[in-house]
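Geometric and topological summary
Given next are the chains, with one letter for each unit.
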Amino acid sequence: MKNESMLREVKVEDAIGMVLAHDLTQIIPGQFKGRLFKKGHIIREDDIPALLSIGKEHIYTIELKEGVLHEDEAALRMARAVAGENVVYNSEPHEGKVTLKAAIAGLAKVYKPFVDDVNETDQVILSTVKNNTVVKAGQSLAGTRVIPLIVEEIKVERVEQLAAHHKQEMSLNGALQTSGLIEVKPFRPLKVGLITTGSEVFKGRITDKFGPIVKEKVAALGSEVIEQRLAPDDSEVIISEIRYFLDIGADLILVTGGMSVDPDDRTPGAISRAGARIVSYGTPMLPGSMLLMGYIGDTPIMGLPGCVMHDPYTSFDELLPRICAGEPIVKGDIVALGYGGLLGC
Ligand SMILES: Nc1nc2c(c(=O)[nH]1)N[C@H]1C(S)=C(S)[C@@H](COP(=O)(O)OP(=O)(O)OC[C@H]3O[C@@H](n4cnc5c(N)ncnc54)[C@H](O)[C@@H]3O)O[C@H]1N2
Ligand code: MOO
């Protein structure tokens, strides 16, 4: 049974009173791209000039047989199979496409092995943002669509089976504690302790430029720098400021400056001596290569190099959202930043 056999091609002039099988799109470059007629519309005599003006001399009417789905139904079933926590979608597809959107601001989680498997399947597509994208409420996360107007149901069942399989795999390997293959993790409001090192700042020779930038980046994710403390290039002072923030219960400690190779660069040593387990000193991103990621007990601590102050996007911008979303950072996460991590420098 061929798909085409269920579609009936009718001249527009003969289609009055018939039901349109799919949305019809009009494109006027620079002015409009959108739906001119909706699936299900009953063709009237005065629609004919508009149909002819978008190049439609014939239209499809449709009669669906067992085991075959219309593009709208197929896209909806795919959306249902992939949507997880804090993801919403309109129950009415548009031009055969369903768009999944973020219900809240947060960190988009997209399970790439699943997306790849879906897209290996002929005639169906799942197009997504990248894993770990920071999203606003209402932002698009993914689109589902099938390529033909009508598709064998078995293709959509394949997507549903893949979804079930990957969810099981994810829960077994503990990779993600998630409810779905595409979801949004909310940001938790962290109390952030900020230590700004550098004798030139401490002694007032120059004005601090790190503080305002770090505060803004932290606030943009719904957290707050509770206090900023200055330290000279002296390991003992830096260590005691780290202990201060641990004592007052900071959820995240950020230490700026002194991260590279000069004799006065004391920050990495001080973080280690304060008892940190170092996940990585050195991050394969440029800029942001001198960033240090570690933990003291469960409290994340980061050493931020000078580039965080002057480059708009660094390894700090990759890792901070994940920490705010409550994800532990492991060595593999740092390793994965290298591929595609050359942004500047
Ligand atoms: N030979 C090498 N040179 C550099 C390396 C390296 O591996 N080998 N790494 C480079 C990278 S990458 C970075 S990033 C920079 C800076 O790293 P630091 O974190 O050590 O930065 P500092 O030396 O402490 O300061 C650099 C510069 O920025 C000024 N500064 C520091 N803190 C503040 C502040 N709070 N407010 C205003 N200005 C600040 C400081 O006075 C210096 O002028 O190193 C590369 N070099
Ligand atoms: O830590 Mo640096 O960014 O590579 O400039």
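Residues numbered from 1 in each chain as written. Chains lettered and ligands numbered in written order. Predicted model: local features only at pLDDT ≥ 70, side-chain atom pairs only at ≥ 80, totals over all residues.

**Some points on unusual backbone geometry**
- Geometrically, the link from L286 to P287 is a cis peptide bond, its omega value of 5 degrees lying close to zero.
- In this structure, P287 sits in the loop between β17 (277-281) and β18 (292-296).
- Here N132, not a glycine, exhibits a phi torsion of approximately 70 degrees, which is positive.
- Residue position: N132 is located in the loop between β9 (124-128) and β10 (133-135).
- Given 18 C-beta atoms within a 10 Å radius, N132 is considered partly exposed. (Helix = DSSP H or I, 4+ residues; strand = E, 2+ residues; numbered from the N terminus. Buried ≥ 20, exposed ≤ 12 C-beta atoms within 10 Å, placed from the backbone.)

**Comments concerning the domain arrangement of the chain**
- Domains assigned within the chain are domain 1 (3-62), domain 2 (68-185) and domain 3 (191-335).
- Using only C-alpha atoms to locate each centre, domain 1 and domain 3 end up separated by 60 Å. (Domains from an automatic or database assignment.)

**What about the packing of helix α2 (residues 71-82) against helix α4 (residues 153-173)?**
- One way to put it is that α2 packs onto α4 with a least axis distance of 9 Å and a crossing angle of 5 degrees. When the axes of α2 and α4 are compared, the pair comes out roughly parallel. Contacts between α2 and α4 pair A74, R77, M78, A81 and V82 from the former with V156, V159, E160 and A163 from the latter.
- For the contact of α2 with α4, the per-class residue count stands at 7 nonpolar, no polar and 2 charged. (Axes fitted to C-alpha atoms, helices over the stretch in contact; angles between N-to-C directions. Parallel < 35°, antiparallel > 145°, perpendicular 65-115°, else oblique. Contact = placed C-beta atoms within 7 Å. Nonpolar A, V, L, I, M, F, W, Y, C, P; charged D, E, K, R; others polar.)

**Observations concerning the sheet that holds β17**
- Strand order in the open sheet formed by 6 strands is β15-β14-β16-β19-β18-β17, and the pairing between neighbours is mixed. Two strands lie at the open edges of the sheet, namely β15 (224-231) and β17, each paired on one side alone. Strand after strand, the sheet turns through a mean of 20 degrees between neighbouring axes, direction not considered.
- Summarising the sheet, strand β14 (residues 191-197) and β15 pair through 7 bridges and their orientation is parallel. Paired with T197 across the two strands is A231, which belongs to β15.
- Against the sheet, helix α6 (residues 210-220) contacts β14, β15 and β16 (252-256), and its axis sits at roughly 160 degrees relative to β15.
- In this fold helix α7 (residues 235-247) packs onto β14, β15, β16, β18 and β19 (299-304), with an angle of close to 170 degrees to the strand it touches most, β14. (Pairing = 2+ DSSP bridges.)

**Considering the site of ligand 2**
- Taken together, 9 residues are adjacent to ligand 2, and P287, S289, M290, P305 and C307 come closest.
- Residues belonging to the shell around ligand 2 are distributed by class as follows: 6 nonpolar, 3 polar and no charged. (Near = placed C-beta within 6 Å.)

**Section: the nonpolar core**
- V192, I253, L254, I271 and L304 are the most contacted members of the largest nonpolar core, which totals 40 residues.
- Ignoring sequence-local partners within four residues, the contact set of L304 consists of L254, V255, T256, M259, L291 and F316.
- Grouped together as the second largest cluster of nonpolar side chains are 36 residues, L126, A142, V151 and I182 included. (Core = buried A, V, L, I, M, F, W, Y, C linked by C-beta atoms within 7 Å.)

**Observations regarding the packing of helix α3 (residues 112-120) against α4**
- Remark: α3 packs on α4, axes separated minimally by 10 Å, with the N-to-C direction vectors making an angle of 160 degrees. The orientation of α3 relative to α4 falls into the category roughly antiparallel. The two elements α3 and α4 cross, and the hand of that crossing is right-handed. Here P113, F114, D117 and V118 of α3 lie close against α4, whose contacting residues are V159, L162, A163 and H166.
- Taken together, the residues of the contact of α3 with α4 break down into 6 nonpolar, 1 polar and 1 charged. (Left-handed = near helix turned anticlockwise from the far one by under 90°.)

**What about α4?**
- Here α4 spans 31 Å end to end across 21 residues, near enough to the 30 Å set by a 1.5 Å rise per residue.
- Those residues of α4 lying buried are V156, V159, L162, A163 and K167. Mapping the buried residues of α4 onto a view down its axis gives an arc of 130 degrees, with all of them on the same face. Opposite its buried face, α4 presents the exposed residues I154, Q161, A164, H165, Q168, L172 and N173, each directed more than 90 degrees away.
- Buried residues along α4 sit against β5 (68-70), α2, α3, β9 and β12 (150-152). (Expected span 1.5 Å × (residues − 1). Arc of directions from axis to C-beta.)

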